[in-house]
Amino acid sequence: MTYAGNVENEVRRIRPQQFHETAGLEDWRVLGEGACAHFRTGSFAAGVQLVQAIGELAAAGNNVPDVDVRADAVDVRVVTLTDEYFGLTERDVELAREISAAARRLGIPADPSAVQTVQVTVDALDGPALVAFWRALLGYEDRAGSPEDLVDPRRRGAPFYFQELDAPRPQRNTLHVDVWVPHDRAEARVEAAIAAGGRLVDDTHAPSLWILADPEGNEACVGVAGPPAMLGAEDEAAGAA
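Residues numbered from 1 in each chain as written. Predicted model: local features only at pLDDT ≥ 70, side-chain atom pairs only at ≥ 80, totals over all residues. Heavy atoms only, no water.

Caption draft 1: Region of interest: the pairing of strand β5 (residues 74-78). For β5, the buried fraction is high: four of the five residues fall into the buried class. Pairing geometry for strand β3 (residues 34-39) and β5, over five bridges, is antiparallel. Residue pairing in the sheet places phenylalanine 39 in a bridge with valine 74 of β5. The sheet contact formed by strand β4 (residues 66-69) and β5 spans four bridges and is antiparallel. Each residue of the ladder has a partner; that of valine 67, found in β5, is valine 76. Where β4 folds back onto β5 in an antiparallel hairpin, the turn is made up of four residues. (Buried < 20%, exposed > 50% of the residue type's maximum accessible area, 1.4 Å probe, protein only. Helix = DSSP H or I, 4+ residues; strand = E, 2+ residues; numbered from the N terminus. Pairing = 2+ DSSP bridges.)

Caption draft 2: Looking closely at the layout of surface pockets. Considering only enclosed or pocket space, the largest pocket measures out at about 650 Å³ in volume. Along the walls of the largest pocket sit 26 residues, with Asp68, Arg77, Thr117, Arg155 and Arg156 positioned nearest its centre. Only β3, β4, β5 and β8 (117-124) provide two or more residues apiece to the lining of the largest pocket. Class assignment of the residues belonging to the lining of the largest pocket gives a composition of 12 nonpolar, four polar and 10 charged. (1 Å grid on protein atoms, 1.4 Å probe; cavity = no way out; pocket = protein on both sides within 12 Å on 5 of 7 lines; lining within 4 Å. Points joined across faces, edges and corners; volume = space filled by probe spheres on them. Nonpolar A, V, L, I, M, F, W, Y, C, P; charged D, E, K, R; others polar.)

Caption draft 3: Inspection of the sheet that holds β4 at higher detail. Judged by pairing direction, the sheet is antiparallel, and its four strands sit side by side in the order β2-β3-β5-β4 without closing on themselves. The two strands at the open ends of the sheet, each matched to only one other strand, are β2 (29-31) and β4. When strand polarity is set aside, the average angle formed by the axes of neighbouring strands in this sheet is 25 degrees. Where helix α4 (residues 90-105) meets the sheet, it contacts β3 and β5, and its direction lies at approximately 160 degrees from that of β5. (Axes fitted to C-alpha atoms, helices over the stretch in contact; angles between N-to-C directions. Contact = heavy atoms within 4.5 Å.)

Caption draft 4: Molecular detail of the nonpolar core. With 25 residues, the main nonpolar core has Phe19, Trp28, Phe39 and Ile99 as its most contacted residues. Those elements that place two or more of their residues in this core are β2, β3, α3 (44-61), β5 and α4. Considering each element in turn, this core owes the most residues, five residues, to α4. Setting aside residues up to four positions removed in sequence, isoleucine 99 forms contacts with Trp28, Phe39, Ile54, Leu57, Pro65, Val76 and Val78. Judged by nonpolar contacts, the second largest core, of eight residues, contains Val179, Val190, Trp210 and Leu212. (Core = buried A, V, L, I, M, F, W, Y, C linked by side-chain atoms within 4.5 Å.)

The structure is reproduced here in structure tokens:
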């Protein structure tokens, strides 16, 4: 969705923690690319009904979410995108509430534990050069207001984040995957990865960020955006919405 002008002059920006602490948004979790919800429709026909209801809400409010319809579920993401801002606003809060209300009227339950987003992070000595290459290769665009983030203009592929290095990093991978999960599922996901043969590399920033490694040393991160009652947590994990 795109709004003209400066979003700050139109609607108030919302931090992930504020979103999670707002009543009526229990179905939703803020991840790396906005607030997401997973609705278990049970059938494609029920999913179409929900999408129709979402379409009516979007048309009425001029606020269009990202919707993914599958055979037995519908995934929805709300986020505000302008030339200067990529994140959450009061408009997204209201739309998320309305979507949840529509799902309840249709008898469709939400499962917040099922949402996640994935980001590819590249450690870079020459960030602009790497950004230019991957932008051309992927057909991606710069994220609003950021020279170090690339996003799929169709909002389907995983975003790429370029993390500056001070010096070369011999014998350590310089590309890894960030997995954004709900704040109330992160520790279980970390424990599952460790039980599956991984190891904990660093939990200095937990419960916002854990660095893990697979059995051969390839690293990955589990990230959380804005856990409730955790001031400043959303600022610690790079790339939060």
